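# Working through the structure, step by step
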Amino acid sequence: MLDIETIRSEFPALGQNVNGKPLVYLDNAATTQMPVGVLEAVRNYKERFNGNPHRGSHYLSVKATMLLEEARTKVAKFINSPSTKEVVFTKNATEALNLVAYSYGLSSIQSGDEIVICISEHHSNLVPWQRVAGLKGATLRYLYLTEEYEIDLERAKQIINEKTAVLAIAVMSNALGTIYPIEKIVDYAHNQGAVVVIDGAQSVPHLKTDVQKLNADFFVFSGHKLFAPMGIGVLYGKESFLKDMPPFLMGGEMVEYVTEQETSFNELPHKFEAGTPNVEGAVGLGAAIDYLSEIGWEKITEHEKSLTKYALEKLSEVQYLKIIGSKNLEKRGPVISFTLEGCHPHDISTIVDMDGIALRAGHHCAQPLMNYLQLPSTSRVSFSLYNTKEEIDILVESLSKVRGWLGYES
Ligand SMILES: Cc1ncc(COP(=O)(O)O)c(C=O)c1O
């Protein structure tokens, strides 16, 4: 069992009052708070070792290089990448997806090819593929969902076929909380000859990641959803792809040799890391990985599952509330979307904010999904390892008052 009191005491942001009430932070799918270990690692780097890595031979530059590469090694181990060459630091998951779309997509996808994504993809794993499809004369096709908000596997087998050049799919939907049977789908796509891009932005904080077991050709995530600072993300790519892909951004650091008219490029992964990198972000991500590893996945999963179960039960008791997502605990993560009849999600969010509760309202960067579900938007709560059942009780009590605030009699 998690020692929840100790854990909460390690996150300074959780100790504050908001609107006169203790903060109940339930927007972890958007971004997570940082533990003192991460804050201290970043501060220590900035105070003592701030140098521009890979470019100097003085102490601070060498130290910054060591810390950056140490963080890369931690990431590689964390996601079970066979090599640090396959771990590229980016700004976030969005940039990593753009890197794959622009570099791999534009150089490999041909007119007439098909790109397949799921209807619940975050815009970050959708808009870049729309762009590639538009530029290359390819077709963007969608995997749709069943009434239980799961991928319709039978239909998926028709949509993923020998024309599929790329399948780009999230392990876990940020708008529904569904965890898709990703290994099965990846296997099927590979058998059809497709290259598979996996968006792990929502799954990485909650599920042990093994890029080799997933057999991901590319895998992306953001540090800030995993207790690290904003501005650091990761692209994992199989070396067999990365080595032949053209660079995405050009400039310093990604070059080997530059003449007036020609440039040869640096080795992996530096070929994809143009300009001064976010060393403090990488150091923070390394510290966040250490933090998670110390706690261990077993305890994290157990705690988050019990929160999700409790929240699904309690939210189901709120009158006029409808959960938009699977109720099957085995097929979902700790992200729960819902509607409250007659109430706009932005009103809900503003009203519960008065009770110190942070939840999310809107289309969750998944507008095609909202259109598919014929919903303008939803409210969303998302849990992390530091949330408690007491916080869910506070949420439920606050939600029970919302319709009254908006003038309904019950
Ligand atoms: C599933 C998914 N993919 C991609 C992203 C994009 O992450 P970022 O904004 O950190 O690039 C998000 C962010 O919410 C997400 O939930």
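Just so you know, these numbers come straight off a predicted model, no measurement behind them.

Once that is clear, we can look at the domain arrangement of the protein chain. Partitioning the protein chain into structural domains gives domain 1 (4-28 + 296-405) and domain 2 (39-292). The distance between the C-alpha centroids of domain 1 and domain 2 comes to 28 Å. Taken together, the contact between domain 1 and domain 2 spans 19 residues of the former and 21 residues of the latter. The set of elements that each furnish at least two residues to the side of domain 1 that touches domain 2 consists of helix H11 (297-316), strand S14 (335-340) and helix H13 (367-373). Looking at the side of domain 1 that touches domain 2, its residues break down into 10 nonpolar, six polar and three charged.

Before going further, it helps to examine the site of the ligand. Residues in close proximity to the ligand include Asn92, Ala93, Thr94, His122, Ser124, Asn125, Ala170, Asn174, Asp199, Ala201, Gln202 and Ser222, which together make up its full environment. A per-class count over the shell around the ligand returns three nonpolar, eight polar and one charged.

A few words now on the environment of Met245. Structurally, Met245 can be placed in the loop between helix H9 (239-242) and strand S11 (255-258). Accessibility expressed as a C-beta count within 10 Å gives 20 for Met245, which makes it buried. With 143 residues separating them in the primary sequence, Met245 and Tyr102 have C-alpha atoms 9.8 Å apart. What Met245 contacts, discounting residues up to four positions off in sequence, is Ser103, Tyr104 and Ser107.

The subject of this paragraph is the sheet that holds strand S6 (residues 139-143). Reading across the sheet, the seven strands line up as S4-S10-S9-S8-S7-S5-S6 and stay open at both edges, with mixed pairing between neighbours. Of all strands in the sheet, those bounded by a partner on one side alone are strand S4 (87-90) and S6. Each adjacent strand pair in this sheet contributes to an overall mean axis angle of 20°, direction not counted. Here strand S5 (residues 114-118) pairs with strand S7 (residues 164-170) via four bridges, running parallel. Among the inter-strand pairings, Ile117 is bridged to a residue of S7, identified as Ala168.

For the rest of this paragraph, the subject is unusual backbone geometry. Following Leu268, the chain continues to Pro269 via a peptide bond in cis, the omega torsion being 0°. Its place among the elements puts Pro269 in the loop between strand S12 (263-265) and helix H10 (279-295). Of note, Asn19 is a non-glycine position whose phi angle comes to about 55°, a positive value. One can find Asn19 in the loop between strand S1 (17-18) and strand S2 (21-22). The residue Gln374 is not glycine, and still its phi comes out positive at about 55°. Of note, Gln374 is situated in the loop between H13 and strand S17 (378-382).

The strand order S13-S14-S17-S16 describes an open sheet built from four strands, whose pairing is antiparallel. One side of each edge strand has no neighbouring strand; the edge strands of this open sheet are strand S13 (321-323) and strand S16 (360-362). If you compare each strand with its neighbour and ignore which way they point, the axes differ by 30° on average. Pairing of S13 with S14 involves three bridges; the strand directions are antiparallel. If you follow Leu321 over to S14, its bridge partner there is Leu340. Contacts from helix H12 (residues 345-353) reach S14, S16 and S17 within the one sheet, and its direction differs from that of S16 by about 160°.

Burial analysis of strand S10 (residues 233-237) places five of its five residues in the buried class, which makes it a mostly covered element. Neither face of S10 is exposed, since Gly233, Leu235 and Gly237 on one face and Val234 and Tyr236 on the opposite face are all buried. Pairing of S4 with S10 involves four bridges; the strand directions are antiparallel. Looking across to S10, one finds that Val87 is bridged to Tyr236. Sheet analysis places strand S9 (residues 218-222) next to S10, joined by five bridges and oriented antiparallel. Along S10, the bridge assignment pairs Phe221 with Val234.

Scoring rules and cut-offs
- Each chain carries its own residue numbering, running from 1 in the written order of its sequence.
- The model is predicted, so local features are restricted to residues of pLDDT at least 70 and side-chain atom pairs to those at 80 or more, both for listing and for counting; the totals for chains, interfaces and linings are taken over all residues.
- Boundaries of every domain are those given by an automatic assignment or by a domain database.
- Note on contacts: each residue gets a C-beta atom placed from the backbone, and two residues are in contact if those atoms are within 7 Å.
- For helices the rule is a DSSP run of H or I covering at least 4 residues; for strands it is a run of E covering at least 2, with both sets numbered from the N terminus onward.
- Side-chain classes follow a simple rule in which Ala, Val, Leu, Ile, Met, Phe, Trp, Tyr, Cys and Pro form the nonpolar group, Asp, Glu, Lys and Arg form the charged group, and the remainder, Gly included, forms the polar group.
- In this text, near has one meaning. A residue is near a molecule or strand if its C-beta atom, placed using the backbone, is within 6 Å of it.
- Comment: burial labels come from other C-beta atoms within 10 Å of the residue's own C-beta, placed from the backbone, where a count of 20 or more is buried, 12 or fewer is exposed, and between is partly exposed.
- A pair of strands is labelled paired if DSSP reports no fewer than 2 bridges between them.
- For helices, the fitted line uses only the C-alpha atoms of the stretch in contact; every axis is such a line through C-alpha atoms, and the angle between N-to-C directions lies from 0 to 180 degrees.

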